[in-house]
Amino acid sequence: MSFNYSEAARNMDSSQIHSIKDLHVGKKIDWKIKVRVCKIWKEKLYHNGHVLGMNLIVVDKMLAKAFIPETTEDIEEIPIVVIASCRIHMRNGFPIITSVPATRFYVNPLHEANLETTVSFNYYTPINKLNPSKIKWNIRVRVQALWKGITRETKEFRGINLILVDDSKFRIHAFVNARFAVQFKNELEEGQIYNLSNFIVHEYSGVEFHRCVRFDKHIYFADYTKLQKSSNEGLKICKWSFDLFELLDLEKMQTDKRFLCDVVGVIEEVDPILEYVNDNKEAKKQKRFSITDGRCTVKITFFDQLAESFEEALKEQVDQKNIVIISSVKIGSFQGELNLTNIRQQDFT
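Keep in mind that this is a model prediction, so the values were computed, not measured.

(A) Representation of the packing of aromatic side chains within the structure. All chains considered together, the criterion is met by six aromatic pairs. Between phenylalanine 170 and phenylalanine 215, the aromatic rings sit 5.0 Å apart at their centres with planes inclined by 85°, giving edge-to-face as the arrangement. In this pair, phenylalanine 170 is assigned in the loop between β8 (157-165) and β9 (171-177) and phenylalanine 215 in the loop between β11 (200-203) and β12 (217-220), connecting sequence segments 45 residues apart. Of the residues examined, phenylalanine 170 reaches a relative accessible area of 29% and is grouped as partly exposed. Judged by its relative accessible area of 9%, phenylalanine 215 is buried. Taking 6.1 Å as the distance between ring centres and 75° as the angle between the ring planes, the aromatic pair formed by phenylalanine 175 and tyrosine 220 counts as edge-to-face.

Below, the structure written as structure tokens:
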């Protein structure tokens, strides 16, 4: 990057030229600066595209010297990169730089060879800021859970369900309709981090049952949705995020069928796995046990595949006290006692 000021300085008295750093607000209007235009763009109204004017980013010779090795003897003081016109906000207590349309970066030629990657800007919307106003969203999320949606009566495949979590530990449910499942099923992997863009955001109507996440919006994939494994470091996204409830509070939550919940406790009173045939002549398995938090004890029943997985997980545990977190548990009752059971999307850790 080089700067040639001969054209701009022609017919200009250099003794009257001001430095950008000397400019200040006031009644003075006879400022004179010698600058290079680094960026120019039109400013338009969003709703009708009407051009309001032109915006310029300019730099004077003082800043230019930092990019011309011949003008300085102390190479170590030359900045490697300058980021111009960026936005700064706080997330999780840390300052984060994000781009706006005017943002540009400038790399000192002396240090270009030392840069291993190309500088780029990606702005990701936090999950809790999503709304139905548009489809051109861009989020960076981890797939915390993934499962197939299958109708109980016909065994028909309806689509793929996802629980997504971002770097603020906020979660949202997403659904890939069976029509688009072929497009995404080979790319989706539980635990993987993705850049997800161009999707539909819907608000819950309030009558949906067994919702995994207590957020009033959810995501729908479409044929124009883009899914790509995240290749950049970015902010850390936790492997799991839970919305844990006190065991004492579960009984009064039993009548609210809208939500599932997450619980944690010490495992007690583990029964052997039970195999039986239900009224529909289907072979079933169940695993019963209890969990306690020291103040309250609650019965748990796992069915079928989760019962088998839990049985195997217990065999690998050597500690006398095993603590378990169960996500998306259904609150119900059995023989007059509070009982928590799994549905297809339930998991434990």
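Next comes the rest of the account.
(B) Quick peek at the environment of phenylalanine 289. In this structure, phenylalanine 289 sits in strand β16 (residues 283-292). Taking the C-alpha atoms as reference, phenylalanine 289 lies 6.3 Å from glutamate 268; in sequence the two are 21 residues apart. Non-local contacts of phenylalanine 289, meaning those with residues more than four positions away in its chain, are made with Ile267, Glu268, Glu269, Val270, Val298, Lys299, Ile300, Phe302, Phe310 and Ile326.

(C) Up close: the pattern of salt bridges. Scanning the entire structure with this criterion turns up eleven salt bridges. The partner of glutamate 246 in a salt bridge is arginine 295, and the shortest N-O contact between them spans 2.9 Å. Of this pair, glutamate 246 sits in the loop between β13 (226-229) and α4 (250-253) while arginine 295 sits in the loop between β16 and β17 (297-303), and the two are 49 residues apart along the sequence. Residue glutamate 246 is classed as partly exposed on the basis of its relative accessible area, which comes to 40%. Note on arginine 295: relative accessible area 58%, which makes it exposed. As a salt-bridge pair, glutamate 308 and lysine 285 come within 2.5 Å of each other at their nearest N and O atoms.

(D) Representation of the nonpolar core in the model. In this structure, Leu162, Leu164 and Ile219 are the most contacted members of the largest nonpolar core, which totals 31 residues. Mapped by element, the contributors of at least two residues to this core are β7 (138-150), β8, β9, α3 (178-184) and β10 (193-197). Among the elements that take part in this core, β7 stands out by supplying five residues, more than any other. Discounting chain neighbours no more than four positions away, the residues touching leucine 162 are Val143, Ala145, Leu146, Trp147, Ile172, His173, Ala174, Val176, Leu188 and Phe221. Ranked by size, the runner-up nonpolar core spans 22 residues in total, among them Leu250, Cys261, Val263 and Leu314.

(E) Structural view of a positive patch on the surface. On the surface, Arg152, Lys155, Lys257 and Lys330 cluster together to form a positively charged patch. Topologically, lysine 257 is positioned in the loop between α4 and β14 (261-268). By relative accessible area, which is 40% here, lysine 257 ends up partly exposed.

(F) Up close: the sheet that holds β13. Pairing is mixed across the open sheet formed by seven strands, whose spatial order is β11-β12-β9-β8-β7-β10-β13. In this open sheet, the two edge strands, each paired with only one partner strand, are β11 and β13. Each strand of the sheet is rotated relative to its neighbour by a mean of 40°, with strand direction disregarded. Bridging between β9 and β12 involves three bridges; their strand directions are parallel.

Cut-offs and rules
- Residues numbered from 1 in each chain as written.
- Predicted model: local features only at pLDDT ≥ 70, side-chain atom pairs only at ≥ 80, totals over all residues.
- Heavy atoms only, no water.
- Phe/Tyr/Trp six-rings, centres within 6.5 Å; stacked < 30°, edge-to-face > 60°.
- Helix = DSSP H or I, 4+ residues; strand = E, 2+ residues; numbered from the N terminus.
- Buried < 20%, exposed > 50% of the residue type's maximum accessible area, 1.4 Å probe, protein only.
- Contact = heavy atoms within 4.5 Å.
- Salt bridge = Lys/Arg side-chain N within 4 Å of Asp/Glu carboxyl O.
- Core = buried A, V, L, I, M, F, W, Y, C linked by side-chain atoms within 4.5 Å.
- Patch = residues over 30% accessible without salt bridge, like charges linked within 9 Å, V, L, I, M, F, W, Y side chains within 5 Å.
- Areas by Shrake-Rupley, 256 points an atom, 1.4 Å probe, with all protein chains shown as cover.
- Lys, Arg positive; Asp, Glu negative; His and termini not counted.
- Charge placed at Lys NZ, Arg CZ, Asp CG, Glu CD.
- Pairing = 2+ DSSP bridges.
- Axes fitted to C-alpha atoms, helices over the stretch in contact; angles between N-to-C directions.

So yeah, pure geometry; function would need other evidence.
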